[in-house]
Amino acid sequence: MVDMRYWGIFVLKLAGIWALVRGIWELFQILMPPPATFLYYQFRPFGRDLTWTVAILLLFLFACGLLYTAIYDQHFRCRSCGRRLRMPVLRGSYSQMLQEGRPQFEYICAFGHGTLSVPGTKFQGREPSRWQANKGLWEHLIAADRGRL
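Residues numbered from 1 in each chain as written. Predicted model: local features only at pLDDT ≥ 70, side-chain atom pairs only at ≥ 80, totals over all residues. Heavy atoms only, no water.

A. Spatial organisation of the sheet that holds strand 3 (residues 114-119). Strands sit in the order 1-2-3-4 across an open sheet of 4 strands; the sheet is antiparallel. Bordering the open sheet on either side are strand 1 (86-91) and strand 4 (130-133), each of which pairs with just one other strand. Ignoring strand direction, the axes of neighbouring strands in this sheet form an average angle of 25°. Of the strand pairs in this sheet, strand 1 and strand 2 (residues 104-108) are connected by 4 bridges, and their pairing is antiparallel. Bridge assignment links V89 to a residue of strand 2, and that residue is E106. (Pairing = 2+ DSSP bridges. Helix = DSSP H or I, 4+ residues; strand = E, 2+ residues; numbered from the N terminus. Axes fitted to C-alpha atoms, helices over the stretch in contact; angles between N-to-C directions.)

Written as structure tokens, this is what we have:
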């Protein structure tokens, strides 16, 4: 139930992208009518009309770019509250990689829900990021504050 806001934001982004691309598609169909009928056969404009083909190619590239941006943005969001992660901190050192291991960037949630560790160097393809939830951090601080009052 905690991750529902995180995935809900992603679904809303995908729905917004779909609505935008669908609206541009409808605009294409209004602005660029299909070619006339030839010998009682209605040809599809894609692949036969250069303007249509280039417009569909550009729309496809635009949609792929939006989808990539949505996925990239979702990667740097808190898994609990869905807010953008803040304050990137470099943990480790590039000059001490052999002794201490590879450096990582850590992004934290401003509300203390967790941290995301992203590798600072990429040696072998896609390196997985690691999300670590901070369980009980705020409850412990609130309980200590209530005990003082």
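B. Spatial organisation of the pattern of salt bridges. According to the stated counting rule, one finds 5 salt bridges in the structure shown. The partner of K13 in a salt bridge is D73, and the shortest N-O contact between them spans 2.6 Å. Residue K13 is located in helix 1 (residues 4-31), and its partner D73 is located in helix 2 (residues 50-75); the two are separated by 60 residues in the primary sequence. Residues joined in a network through salt bridges with shared partners are K13, D73, R77 and R84. (Salt bridge = Lys/Arg side-chain N within 4 Å of Asp/Glu carboxyl O.)

C. Spotlight on the state of the cysteines. As enumerated under the stated definition, the model contains 0 disulfides in all. Here C109 is not cross-linked by a disulfide; its sulfur's nearest cysteine counterpart is in C78, at 3.6 Å. On the accessibility criterion, C109 (4% relative accessible area) is buried. (Disulfide = S-S within 2.5 Å. Buried < 20%, exposed > 50% of the residue type's maximum accessible area, 1.4 Å probe, protein only.)

D. View of the environment of C78. Relative to the assigned elements, C78 resides in the loop between helix 2 and strand 1. Relative accessible area serves as the criterion here: at 0%, C78 is assigned to the buried category. In this structure, the C-alpha to C-alpha distance between C78 and H113, residues 35 residues apart in sequence, is 7.3 Å. Excluding residues that lie within four positions of it along the chain, C78 makes contacts with Y6, R83, L85, C109, H113 and W131. (Contact = heavy atoms within 4.5 Å.)

E. Fine view of the packing of aromatic side chains. Applying the stated rule across the entire model yields 6 aromatic pairs. Measuring from centroid to centroid gives 5.1 Å for Y6 and W7, while their planes differ by 80°, and the two rings are edge-to-face. The class of W7 is partly exposed, set by a relative accessible area of 46%. (Phe/Tyr/Trp six-rings, centres within 6.5 Å; stacked < 30°, edge-to-face > 60°.)

F. Examining the side chain of S117 more closely. Tracing the backbone shows S117 in strand 3. The exposure class of S117 is buried, given its relative accessible area of 3%. Here the side chain of S117 touches E106 through a polar contact of 3.5 Å, side chain to side chain. Those residues in contact with S117 that sit more than four places away from it in its chain are Q104, F105, E106, S129 and R130. (Polar contact = N/O pair within 3.5 Å; in protein donor to acceptor, adjacent residues only side chain to side chain.)

Purely spatial values, then, with no claim about function.
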